[in-house]
Amino acid sequence: PPPFRFFEKFHRYILARGYGIVFLASFNTRVVAAAVYLNFGGRAIYKYGASDPVYQHYRPNHLIMWEAIRYFAANGYRELCFGRTDIDDEGLRRFKNSWGTKEEPLDYYRYDLANGRFLSHVTLRGSGAGHILSKLPVPLLRAAGTLLYRHMG
């Protein structure tokens, strides 16, 4: 995960300046899901989302997306992009496509300076790193994020 200073700056330079909004879904006063949308020039984009798996059967992410669509439509936005999704993330792709979105390929290229060539696309899912990371304790993930985040992606 990104280090805490990333979120401090994200809040200071984006959210506090009106270029983003956070939607929350709660159940009996407990926040069970959240999503962050960025916005500028009549366009909005879904950037981050999280939810408590214990409450998934209530579909809080669906409620948030619906309320975000209503909010942006009522406030004159022309476009809402559901954001990028790894091609291997079938669940998230299914969720986004269920809203009638149009999937478009988005190619990324990385250049290996040492070898003087472009690298092929490697996802966290395909590398096995995602499985390993999901098993690490949160304090270790935070420490790794603090040390490594600026060098990734």
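Look above for the structure.
Description of the structure in this document. (Residues numbered from 1 in each chain as written. Predicted model: local features only at pLDDT ≥ 70, side-chain atom pairs only at ≥ 80, totals over all residues. Heavy atoms only, no water.)

## Quick notes on the side chain of N39
Within the fold, N39 resides in strand β2 (residues 30–40). Look at N39 and you get buried, because its relative accessible area is 9%. A distance of 3.3 Å separates a polar atom in the side chain of N39 from the backbone nitrogen of G20. In this structure the side chain of N39 is engaged in a polar contact, spanning 3.1 Å, whose partner is the side chain of Y77. Residues in contact with N39, not counting those within four places in the same chain, are G18, Y19, G20, I21, A44, F72 and Y77. (Helix = DSSP H or I, 4+ residues; strand = E, 2+ residues; numbered from the N terminus. Buried < 20%, exposed > 50% of the residue type's maximum accessible area, 1.4 Å probe, protein only. Polar contact = N/O pair within 3.5 Å; in protein donor to acceptor, adjacent residues only side chain to side chain. Contact = heavy atoms within 4.5 Å.)

## Describing the pairing of strand β1 (residues 20–27)
Remember that side chains alternate between the two faces of the sheet whenever the strand is regular. As defined by bridge partners, β1 adjoins β2 across 8 bridges and the pair is classed as antiparallel. Within the sheet, the bridge partner assigned to F27 lies in β2 and is R30. Linking β1 back to β2 in an antiparallel pair, the connection comprises 2 residues, with N28 at a positive phi of about 50°. (Pairing = 2+ DSSP bridges.)

## Quick word on the packing of aromatic side chains
Tallied over the full model, the rule gives 16 aromatic pairs. Centre to centre, the rings of F23 and Y37 are 5.4 Å apart; their planes meet at 85°, and the pair counts as edge-to-face. Separated by 14 residues along the polypeptide, F23 in strand β1 and Y37 in strand β2 bring together distant segments of the chain. Comparing F23 with Y37 shows no difference in burial state: the two are buried. Taking the centre distance of 5.5 Å and the plane angle of 70° together, the rings of Y37 and Y46 count as edge-to-face. Take Y37 and Y46: they sit in the same class, and that class is buried. Within the aromatic cluster, the residues linked to one another by ring pairs are F23, Y37, Y46, Y71, F72 and Y77. Its guanidinium or amino end placed over the ring of Y48, K47 lies 5.7 Å from that ring's centre, counting from NZ or CZ. (Phe/Tyr/Trp six-rings, centres within 6.5 Å; stacked < 30°, edge-to-face > 60°. Lys NZ or Arg CZ within 6 Å of the ring centre and 35° of its normal.)

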